[in-house]
Amino acid sequence: MTASIQNLIAGKVAIITGASSGLGESAARHLAARGARVVLAARRADRLHQLVAEIREAGGEAIAVATDVSRREDLERLAAAAVEAFGRIDVLVNNAGVMPLSPIDKLRVDEWDRTIDVNIKGVLYGIAAVLPQMKAQGSGHIVNIASVAGLKVFTPIGTVYSATKFAVRAISEGLRAEAGDGIRVTIVSPGAVESELQFGSSDPESAAGVKAFYDANQIPADSVARAIVYAVEQPANVDINEIVLRPVSQEF
Ligand SMILES: NC(=O)c1ccc[n+]([C@@H]2O[C@H](COP(=O)([O-])OP(=O)(O)OC[C@H]3O[C@@H](n4cnc5c(N)ncnc54)[C@H](OP(=O)(O)O)[C@@H]3O)[C@@H](O)[C@H]2O)c1
């Protein structure tokens, strides 16, 4: 059988952060439907347990691990739980993220801190948690969810968010170059996708602008899940380095 018609996802152990909603939840469903053994991480454990039940009901394999990605020890515990349950880690989808938007001069510094803690440090802690296991296995795949806001600066309300997504792309490219044979790294940069992310802005004017933008453009979360599946399902010697996808209607 050629690689192109074999299911190269079946049996893989995939950790997905931010699996309690949006892109992460959809990615978990799509990977599990193709036979991946999924390890679901987020803070809202009730939602993760519900998703585990649905995946198992459909014949899949899944576990849930309550995780705050801004805490390094939580990521270490998550990776250990994956190895304990399934013996290895083939894929990490570093997806958890937040997007509280506001102009810089509103100085919502606490929100800047949270955005950096989740979107940058969370991604780095995820990498730190799985890399030793992947190196020991001689294989692994880290899929980092960036954004089109990591390609263009999302002024005037998304400068800090953009900074975190530029950082995710820089970290991913550096990791790809450094990680060596056997470890694949993929950057997925979506445009406006329907999820809870758009409701994260406490600044009323920014929230209104985001709502109008999403109402005009958003596409379903499974648009991104299919892109993640595409990257993961490639043969081991093929690394899909970067995927950028937007709603057809989106200019930014
Ligand atoms: N939707 C878009 O238009 C879009 C576009 C480009 C990129 N993205 C990126 O896609 C990723 C997923 O976002 P989404 O659109 O699916 O938004 P979402 O529906 O709000 O999902 C975000 C996920 O991240 C988790 N999360 C947030 N803070 C966390 C923390 N401290 N620890 C662990 N998990 C945390 C949330 O779970 P808990 O609250 O349960 O912890 C949730 O599962 C993000 O990185 C986002 O930047 C989204």
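The following paragraphs examine the structure supplied in this document. The numbers attached to residues start from 1 for each chain and follow its sequence in the written order. Only residues with pLDDT of at least 70 get local features here, since the model is predicted, and only at 80 or more are side-chain atom pairs given and counted; chain-wide, interface and lining totals rely on the full set of residues. Where side-chain values are given, they derive from all heavy atoms of the structure, hydrogens and water being excluded.

## Some words on the side chain of D90
Then, in step 1: Tracing the sequence through the fold places D90 in the loop between α3 (72–86) and β4 (91–94).
Then, in step 2: When accessible area is computed with a 1.4 Å probe and restricted to protein chains, residues below 20% of their type maximum are described as buried, those above 50% as exposed, and intermediate ones as partly exposed. A relative accessible area of 11% means that D90 is categorised as buried.
Then, in step 3: In terms of polar contacts, D90 uses its side chain to reach the backbone amide nitrogen of V13, at 2.8 Å.
Then, in step 4: Here a polar contact is recorded for every N or O atom pair within 3.5 Å, except that within protein the pair must consist of a potential hydrogen donor and a potential acceptor, and residues adjacent in sequence are included only if both atoms are side-chain atoms. For D90, the side chain forms a polar contact with the side chain of R88, separated by 2.8 Å.
Then, in step 5: With near-sequence residues (within four places) excluded, D90 lies in contact with G11, K12, V13, M134, Q137, G140 and H141. In this description a helix means any DSSP run of H or I spanning at least four residues, a strand means any run of E spanning at least two, and both kinds are numbered starting from the N terminus. The contact definition used throughout considers only heavy atoms, calling two residues in contact when any of these lie within 4.5 Å.

## Digging into the side chain of N119
Then, in step 1: By the secondary structure assignment, N119 is in helix α4 (residues 109–137).
Then, in step 2: Residue classification places N119 among the buried positions, given a relative accessible area of 1%.
Then, in step 3: Looking at N119, its side chain comes within polar contact range of the main-chain nitrogen of V98, at 2.9 Å.
Then, in step 4: Look past the residues within four positions of N119 in its chain and what remains in contact with it is A96, G97, V98, Y161, T164, K165 and V168.

## Some thoughts on the sheet that holds strand β6 (residues 183–190)
Then, in step 1: Here, a strand pair is defined by DSSP locating no fewer than two bridges between the strands. Taking strand neighbours across the sheet as the criterion, the seven strands line up as β3-β2-β1-β4-β5-β6-β7 in an open arrangement whose pairing is parallel. Here the strands that pair on one side only, and so sit at the sheet edges, are β3 (61–66) and β7 (242–245). Sheet twist, expressed as the average angle between the axes of neighbouring strands with direction ignored, equals 15°.
Then, in step 2: The pairing of strand β1 (residues 13–17) with β4 spans three bridges and is classified as parallel. Residue pairing for β4: A14 is matched across the bridge by V91. Axes here refer to lines fitted to C-alpha atoms; in helices the fit is confined to the stretch in contact. Angles between the N-to-C directions go from 0 to 180 degrees.

## Comments concerning the environment of S70
Then, in step 1: With respect to the element layout, S70 can be found in the loop between β3 and α3.
Then, in step 2: For S70 and L31, which are 39 residues apart along the polypeptide, the C-alpha to C-alpha distance reads 25 Å.
Then, in step 3: With residues near it in sequence (within four places) discarded, S70 still touches D117 and Y125.
Then, in step 4: Within the structure, S70 has its side chain in polar contact with the side chain of D68 (distance 2.7 Å).

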